[in-house]
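Report on the structure
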Amino acid sequence: MKIQIAIPSKGRISDPSVEILEKAGIKLKDSSNRKLTSQTYNPNIDIMFTRASDIPTFVKKGIVDLGITGVDLIREKNADVEEIVDLGFGQTDLVLAVLEDSKINSIKDFKAGMKIATEFPNITREYLKENNIENVEIVELAGSTEIAPLIGIADGITDLTSTGTTLKKNHLKIIDTILNSTVKLIGNKNSLLEKSSIVETVCTSITGVINAESKKLIMMNVTKENLDKVKDLMPGMGGPTISKVLSNKDIFAVQAVVDEDKVFKLVNDLKKVGAKDILVVPIERVIN
């Protein structure tokens, strides 16, 4: 049984989407050309390149089985899809912003007749409704939203930002955060039932990559007299793995998967209690 996965053809999340699939073992045969579709080296998985904004709709309608896109676009399209895995990249916020010298300091300051420019009219409309703001006009733009207040098109904007730098360059201040967005693997609800085996395989592989990103494998040799000291230091996922080294000396090999942020201190502590030949190795996947 075959599945198709839609990923963005361009933009900030396109390359990371390809990268996470390939790390998960779903290697594309012709990703450099970015044609509409690409086969992978797995005969049961094909890739479709398309606009990120279209992916929620394609997944919802079953045109593709799985897709990679942002939460902001899923909400904007109001797509009835299954959000399967948070891929841990593409973090961004949809914010409400106005000119720095504006007297508008909160959503409550927007009055009837004012305008908000946005690429996200549905989310913005719902946001206004939730805050009981009426008769504010939504101006739909296809890009360059941040210039709207400067040229008098709107009193404020809702726009995506990750650092706020572009907004500051255009003399805008953030007065509210509407949505925190990240990139997710989403699935068609029928595909999750009808093609559960291959979908589960894909999800397991991708989750394994994500789990491994903040982990390292530490390996070392330890003499018998220092073994207990080393064991006490090792914070491994399920405890360290210990095996006897085939040598004339009473030496044991110890290894464990640890959080990356603990490696620096741990290596130095291990050395102090007699660990030798310490190796720190990257991990491709961690399957729980």
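This write-up is about the structure you can find in this document. (Residues numbered from 1 in each chain as written. Predicted model: local features only at pLDDT ≥ 70, side-chain atom pairs only at ≥ 80, totals over all residues. Heavy atoms only, no water.)

**Observations concerning the sheet that holds strand 15 (residues 276–282)**
Applicable threshold: Two strands form a pair only when DSSP identifies at least two bridges running between them. Here a strand is any run of E in DSSP of at least two residues, a helix any run of H or I of at least four, and the numbering for each starts at the N terminus. All axes are obtained by fitting lines to C-alpha atoms, using only the stretch in contact for helices, and the reported angles, taken between N-to-C directions, cover 0 to 180 degrees. Should any heavy atoms of two residues lie within 4.5 Å, those residues are counted as being in contact.
Strand order in the open sheet formed by four strands is 13-14-12-15, with antiparallel pairing between adjacent strands. Across the chains shown, the open sheet's two edge strands, defined by having one partner strand only, are strand 13 (241–244) and strand 15. If you compare each strand with its neighbour and ignore which way they point, the axes differ by 15 degrees on average. One ladder, built from four bridges, connects strand 13 with strand 14 (residues 251–259); its direction is antiparallel. Within strand 14, the position partnered with Thr241 by the bridge is Gln255. Packing against the sheet, helix 9 (residues 263–272) makes contact with strand 12 (215–223), strand 14 and strand 15, and its axis sits at approximately 0 degrees to strand 12.

**Points about the side chain of Asp46**
Keep this limit in mind: Exposure is judged per residue with a 1.4 Å probe applied to protein chains only, and the accessible area is read against the type maximum: over 50% gives exposed, under 20% gives buried, and values in between give partly exposed. Here a polar contact is recorded for every N or O atom pair within 3.5 Å, except that within protein the pair must consist of a potential hydrogen donor and a potential acceptor, and residues adjacent in sequence are included only if both atoms are side-chain atoms.
Relative to the helices and strands, Asp46 resides in strand 3 (residues 45–50). Accessibility expressed as a relative area gives 17% for Asp46, which makes it buried. Within polar-contact distance, the side chain of Asp46 engages the side chain of Lys2 at 3.3 Å. Excluding anything up to four places from it in sequence, Asp46 contacts Lys2, Ile3, Gln4, Ile5, Ser38, Gln39 and Thr40.

**Points about a nonpolar patch on the surface**
Applied cut-off: The patch calculation keeps residues exceeding 30% relative accessible area without a salt bridge and links them within 9 Å when they carry like charges or within 5 Å when they are nonpolar (Val, Leu, Ile, Met, Phe, Trp, Tyr). The Shrake-Rupley method, run with a 1.4 Å probe sphere, supplies the accessible areas, and residue values consider only the shown protein chains as cover. Here a salt bridge means any side-chain nitrogen of Lys or Arg lying within 4 Å of a carboxyl oxygen belonging to Asp or Glu.
On the surface, Ile147, Leu150, Ile151 and Ile153 cluster together into a nonpolar patch covering about 320 Å² of accessible area. Among the structural elements, Ile153 can be located in the loop between strand 8 (137–140) and strand 9 (156–161). Look at Ile153 and you get partly exposed, because its relative accessible area is 32%.

**As for the sheet that holds strand 7 (residues 115–118)**
An order of 8-7-9-6-10 is seen for the five strands of this open sheet, with the pairing classed as mixed. The open sheet has two edge strands, strand 8 and strand 10 (172–181), and neither has a second partner. Across the sheet, the mean angle separating the axes of adjacent strands is 25 degrees when strand polarity is ignored. Pairing between strand 6 (residues 92–99) and strand 10: eight bridges, direction antiparallel. From the neighbouring strand, Leu94 faces strand 10, where its bridge partner is Leu179.

**Section: the pattern of salt bridges**
On inspection of all chains with the given rule, the structure shows 14 salt bridges. A salt bridge links Glu83 to Arg75; its shortest N-O distance comes to 2.6 Å. Relative accessible area serves as the criterion here: at 26%, Glu83 is assigned to the partly exposed category. The residue Lys231 makes a salt bridge to Asp228 at a minimum N-O spacing of 3.9 Å. Here Asp228 and Lys231 lie together in helix 8 (residues 227–233), a separation of three residues that amounts to about one turn. Salt bridges linked by common partners bring Arg75, Glu83 and Lys184 together as one network.

Shape descriptors only; they carry no functional weight alone.
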